[in-house]
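# Descriptive analysis of the structure
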Amino acid sequence: YVTRASIGDLQVDTLKVAGNAITVPVFATGSTITGNGSLQAAAAATINLGNNLANVYIFWSVKQGYNAGALQWGYQIMDGSTQIDYRVNMGFGNDQPSGTARIASAVTGSRTILFNWIGANSTMTAQVSLQLLARYK
């Protein structure tokens, strides 16, 4: 039995954790996109949960650029074909808006979360960062 250890590199064929008490972080940052008045794919991240039932927590941040006044922007978060969160016609003025969402139902298998962004026109740009965390039940 090991109660405490410091390990530099560890390779494990099978990891068993009591009660599946583990979180799985996934990170993704999309390329900079330019607004065109419609929803565009801005970033996507895939998390593989196997057959474990879990909640998935979605943390997002948008680094926006602009050179004009009061413009509108919005976003949509999708889990496959299911819409998780959606807001449009948001007033421009926060250069780095952020937020969270949660998929609270029993989630299993490989899930791809897509963040779509809409900017009013070509004077706006965005770069989206996603972080997914799964909490096994």
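The present account deals with the structure reproduced in this document. All values reported here derive from a predicted model rather than from experimental measurement.

Right, let's talk about the nonpolar core for a bit. Within the largest apolar cluster, 30 residues are counted, with the highest numbers of intra-cluster contacts made by I58, W60, I77, F115, W117 and L130. Residue assignment for this core shows that the elements contributing at least two residues are β1 (23–29), β3 (40–48), β4 (54–66), β5 (72–79), β7 (98–107), β8 (110–119) and β9 (124–136). Considering every element that reaches this core, the biggest residue donor is β9, with six residues. I77 has contacts with I58, W60, T82, Q83, I84, D85, A101, I113, L114 and F115, leaving out every residue within four places of it along the chain.

Moving on, we come to a nonpolar patch on the surface. Together, I7, L10, V12 and L15 give the surface a local cluster of nonpolar side chains, amounting to about 420 Å² of exposed area. In this structure, L15 sits in the segment before β1.

Time to look at the sheet that holds β8. The sheet built from four strands is open, its strands ordered β3-β8-β5-β6 with antiparallel pairing. The sheet terminates laterally at β3 and β6 (82–91), the two strands that pair on one side only. In this sheet, neighbouring strand axes are inclined to one another by 10° on average, regardless of whether the strands run parallel or antiparallel. Relative to β8, β3 is paired through eight bridges, and the arrangement is antiparallel. Paired with A41 across the strands is N116, a residue of β8.

Cut-offs used in this document
Residues numbered from 1 in each chain as written. Predicted model: local features only at pLDDT ≥ 70, side-chain atom pairs only at ≥ 80, totals over all residues. Heavy atoms only, no water. Core = buried A, V, L, I, M, F, W, Y, C linked by side-chain atoms within 4.5 Å. Buried < 20%, exposed > 50% of the residue type's maximum accessible area, 1.4 Å probe, protein only. Helix = DSSP H or I, 4+ residues; strand = E, 2+ residues; numbered from the N terminus. Contact = heavy atoms within 4.5 Å. Patch = residues over 30% accessible without salt bridge, like charges linked within 9 Å, V, L, I, M, F, W, Y side chains within 5 Å. Areas by Shrake-Rupley, 256 points an atom, 1.4 Å probe, with all protein chains shown as cover. Salt bridge = Lys/Arg side-chain N within 4 Å of Asp/Glu carboxyl O. Pairing = 2+ DSSP bridges. Axes fitted to C-alpha atoms, helices over the stretch in contact; angles between N-to-C directions.

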